[in-house]
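Okay, here's what each chain looks like letter by letter:
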Amino acid sequence: MRIGTLKTSYAADEALFDTRLQKLLILLACAAAVLFPFVASPYWLFLACLCAINVASATGLNILTGYTGLVSLGQAAFMSVGAYTVAVLEIHAGTPFLLNLLVGGLLTALVGIGVGIPSLRVKGLYLAIATIAASVVLHFVFAHWPLTGGMQGLSMPPARLFGMALDQPFQLYWLILPVTGLMVLGAANLFRTRVGRAFIAIRDRDISAEVLGIPLLRYKLMSFAVSSFYAGLAGGLWAYFFRVVTPESFPLVNSIFYLAAIIVGGMGTILGGILGAVFMTMVPELLKFVAGLVTPFYPDALALLAPVRTIVFGSLIVGFLIFEPHGLAEIWRRIRRFFHLWPFRT
Amino acid sequence: MTDWLFLTEVFLAGLGSGALYAVTGVAFVLIYKATRVVNLAIGEILMLGGYAFFGAAAGWHLPAWVALPVAILAGALVGAVVERGLIRPMIGESPISVFMVTIGLGSILAGFVQIVWGADPLRLPEFLPSAPIFIGEAYVAPKVAYGFLAAMVVVTAFVLGLRFSRGGVALKATAADQAAAYSVGIDVPRVFSLSWIVACGVAAGAGVLVGAIGGISPTMGVFGLSVLVVVIVGGLDSMAGALVGGLFIGVVEAFAGTFLGGEYRFLVTFSILILILMIRPYGLFGTHEIERL
């Protein structure tokens, strides 16, 4: 129990940020995010954008897997739908980028509903495998459909805003970060509504939820739709960021990456999706840095980078699942609790 | 007029690769039956078997008949360590968590193999007789034929062993009801360990056969995806299902690869998978579990 947090209304109980310190920290974080591009090097801006895109996608997967309990290994494939839609619209229609992103997200949501249809009959592992099958089919479509450019994929022009091309990380940062911020905020608020609570009920026990009067098919499909809408938006941002979309841009490994991100971060918490995605994006960079440090003493370090990265990736999944199943978010909560209760202990 | 001889040859080649799916599928089913773990790392353990054989036969210059047991032992050892170190602590966790642990394990094994043997594809030293084999008039690649024979022997041994041996019966009892099995004196943790050891050993042996036919590379783990299709089609907890599903998927892949092109293979098998999931989610021979509140 926390001390000194007496709540006198339901609104206070439901608030997203419940202490003054937390609100202050959020404000500080926003200020830091605004100032960041003016002080950081392009490399760090690049990483920040990449982190933001991954946060968006991981949050989407968290809605589906962490909150609704439907495991999906198709997040990367859903992202590819969004990315291709945005690329095709940008090349052939030339519509404004915000509209493209939205259309990409909505189209991906439709695809997600299609993939989610088996979710009423099968669940758990079978559903995970069904989403693998769906990503194989989507990969095949993108690799063979003339509109999506086959194996070469598509190269697209940069997003334009008031005649200015957004082609550097510095400009894209102002596109990607606000969109991600809105998406995360939307997800956090979703779970204060009827729909979000229905998702949580389905996760905890779907048959009980049905007995309580929650139409399973509708809410499961809704969860798929919301999650793949997020994936589609993230894929669209990804397309504007890299500006080349190929069938190999979104392999199955990426789907595993997002699942790993929410496991490492903590399933079923918004903070977990953010922490996990940032952490998993930064680990390879950290390894690259270490490899650079070691190279003078051991010249082959860079050659070992790829396999070591694979091993570290796997070990993180295994290690977190065995030793810290609630992820980084739980560690963060523990730290918070320590300071709340200090100097007392429970 | 279609060429019947050619069709037969494609069919036989499909049966050959299907037999390897079947034997790996049987290993997969063994683990699932005993421990209810869906082991996605089976493809990587298979790969490890291929590389262990390569290391023993090409690295230490051992003859093939020594290298093969070395590979199987290596697989069994990995199985034992994994069961003790990774799967045992996860008992009672949600199946999804355990499933993700095996995905992580697959990633670790793939990285390990790349560090030790490098990322380039390798060829195993030849150890199977290479005299061409004809069934009727149809030509069968000798490796495929011997692979088929070996796989069939293993699968038969499994089916018989499960039915008649003490261990097999203990395993079936554990699969049916863990608590009841415990109470009649079956050492359930030992059943868990043994099933992992045997299954991983068999998968490693299958890896040697697969490697002998197609060479070995760190991406061989993809084989595990096809095996996943096989066991879903056959039913996750059915040995017979793994056998039938393996042969079926092997033949379908061979025909799809020959008449549609290699890139259609995955599309066709995964379309079959989706179809099966829609119509019979528990597979052709699997047990339909009823969920109660």
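Parameters at a glance
Residues numbered from 1 in each chain as written. Chains lettered and ligands numbered in written order. Predicted model: local features only at pLDDT ≥ 70, side-chain atom pairs only at ≥ 80, totals over all residues. Helix = DSSP H or I, 4+ residues; strand = E, 2+ residues; numbered from the N terminus. Rg over C-alpha atoms; globule rule 2.2 N^0.38 Å. Contact = placed C-beta atoms within 7 Å. Nonpolar A, V, L, I, M, F, W, Y, C, P; charged D, E, K, R; others polar. Buried ≥ 20, exposed ≤ 12 C-beta atoms within 10 Å, placed from the backbone. Expected span 1.5 Å × (residues − 1). UniProt positions renumbered as here; feature names shortened; annotations may be inferred. Axes fitted to C-alpha atoms, helices over the stretch in contact; angles between N-to-C directions. Parallel < 35°, antiparallel > 145°, perpendicular 65-115°, else oblique. Left-handed = near helix turned anticlockwise from the far one by under 90°.

This next bit is on the overall build of chain A. Helix and strand counts for chain A stand at 14 helices and four strands. For 346 residues, the compact-globule estimate of 2.2 N^0.38 gives 20 Å, and chain A sits close to it at 21 Å. Taking the principal axes of its C-alpha atoms as reference, chain A extends roughly 60 × 55 × 45 Å.

The next point concerns the overall build of chain B. Secondary structure summary: chain B contains eleven helices and two strands in total. Sequence-ordered secondary structure for chain B, helices as α and strands as β, is α-α-α-α-β-β-α-α-α-α-α-α-α. For chain B, the C-alpha radius of gyration of 19 Å lies close to 19 Å, the compact-globule estimate for 293 residues. Projected onto its principal axes, the C-alpha positions of chain B cover 60 × 50 × 35 Å.

Interface size, as often reported, equals the accessible area lost upon joining of the parts. Contacts between the two partners involve 32 residues from chain A, matched on the other side by 32 residues from chain B. Elements represented by at least two residues in the side of chain A that touches chain B include exactly helix H6 (125-144), helix H9 (206-211), helix H11 (252-265) and helix H13 (305-323) of chain A. Among the elements that make up the side of chain A that touches chain B, the one with the highest residue count is H13 of chain A (twelve residues). Of the residues contributing to the side of chain A that touches chain B, the split by class is 26 nonpolar, five polar and one charged.

Turning our eyes to something else, we now look at unusual backbone geometry. Within the chain, Arg243 of chain A stands out as a residue other than glycine whose phi angle is a positive 65°. Relative to the elements of secondary structure, Arg243 of chain A occurs in the loop between helix H10 (216-242) and strand S4 (244-245). Residue classification places Arg243 of chain A among the partly exposed residues on the basis of 17 C-beta atoms within 10 Å. Phi at Arg36 of chain B is positive, roughly 60°, even though this residue is not glycine. Within the secondary structure layout, Arg36 of chain B lies in the loop between helix H1 (4-35) and helix H2 (42-59).

The next subject is H6 of chain A. End to end, H6 of chain A covers 29 Å across 20 residues, agreeing with the expected 28 Å (1.5 Å per residue, within 8%). Within H6 of chain A, 14 of the 20 residues are buried, which leaves it mostly tucked inside the rest of the structure.

Residue and element names in this part refer to chain B. Per the UniProt record, the feature "transmembrane region" (unreviewed entry) sits at residues 6-30, 37-58, 64-82, 94-117, 144-162, 194-216, 222-252 and 264-283. Within residues 144-162, the helical portion is 100% and the strand portion 0%, while the C-alpha atoms at the span's ends are 27 Å from each other. Along residues 222-252 one finds 84% helix and 0% strand; the C-alpha atoms at either end are 17 Å apart.

A few words on the environment of Pro251 of chain A. Within the fold, Pro251 of chain A resides in the loop between S4 and H11. Spatially, the C-alpha atom of Pro251 of chain A lies 8.4 Å from that of His139 of chain A, the residues being 112 residues apart in sequence.

Right, let's talk about the packing of H11 of chain A against H13 of chain A for a bit. All names here are of chain A. The interhelical angle for the contact between H11 and H13, taken along N-to-C directions, is 40°, at an axis separation of 9 Å. Put simply, H11 runs oblique to H13. The two elements H11 and H13 cross, and the hand of that crossing is left-handed. Contacts between H11 and H13 involve Ala260, Ile263 and Val264 on the former and, on the latter, Phe313, Leu316, Ile317, Phe320 and Leu321.

Right, let's get into the environment of Val34 of chain A. Residues and elements named next belong to chain A. Among the secondary structure elements, Val34 is positioned in helix H2 (residues 20-39). On the basis of neighbour counts, which here come to 11 C-beta atoms within 10 Å, the residue Val34 falls in the exposed class. Remark: the alpha-carbon pair of Val34 and Trp174, spanning 140 residues in sequence, is separated by 8.8 Å.

Here H2 of chain A is 20 residues long and its end C-alpha atoms lie 28 Å apart, about the 28 Å a rise of 1.5 Å per residue gives. Of all 20 residues in H2 of chain A, zero are buried; the element is thus mostly exposed.

Our next topic: the packing of H2 of chain B against helix H4 (residues 95-117) of chain B. Helix-helix packing is described using two parameters, namely the angle between the two axes and the distance between the axes. Residue and element names in this part refer to chain B. Orientation of H2 relative to H4, taken along the N-to-C sense of each, is 20°, at an axis distance of 9 Å. Judged on the interaxial angle alone, H4 and H2 are roughly parallel. Relative to H4, the crossing made by H2 is left-handed. Residues Gly43, Glu44, Ile45, Met47, Leu48 and Tyr51 of H2 touch H4, and the partners they reach there are Gly106, Leu109, Ala110, Val113 and Trp117. Across the contact of H2 with H4, the residue classes break down as eight nonpolar, two polar and one charged.

Residues and elements named next belong to chain A. You can see Ala93 is positioned in helix H4 (residues 75-93). Take Ala93: there are 11 C-beta atoms within 10 Å of it, and that puts it in the exposed class. When the C-alpha positions of Ala93 and Ser223 are compared, they lie 30 Å apart, and in sequence the two are 130 residues distant.

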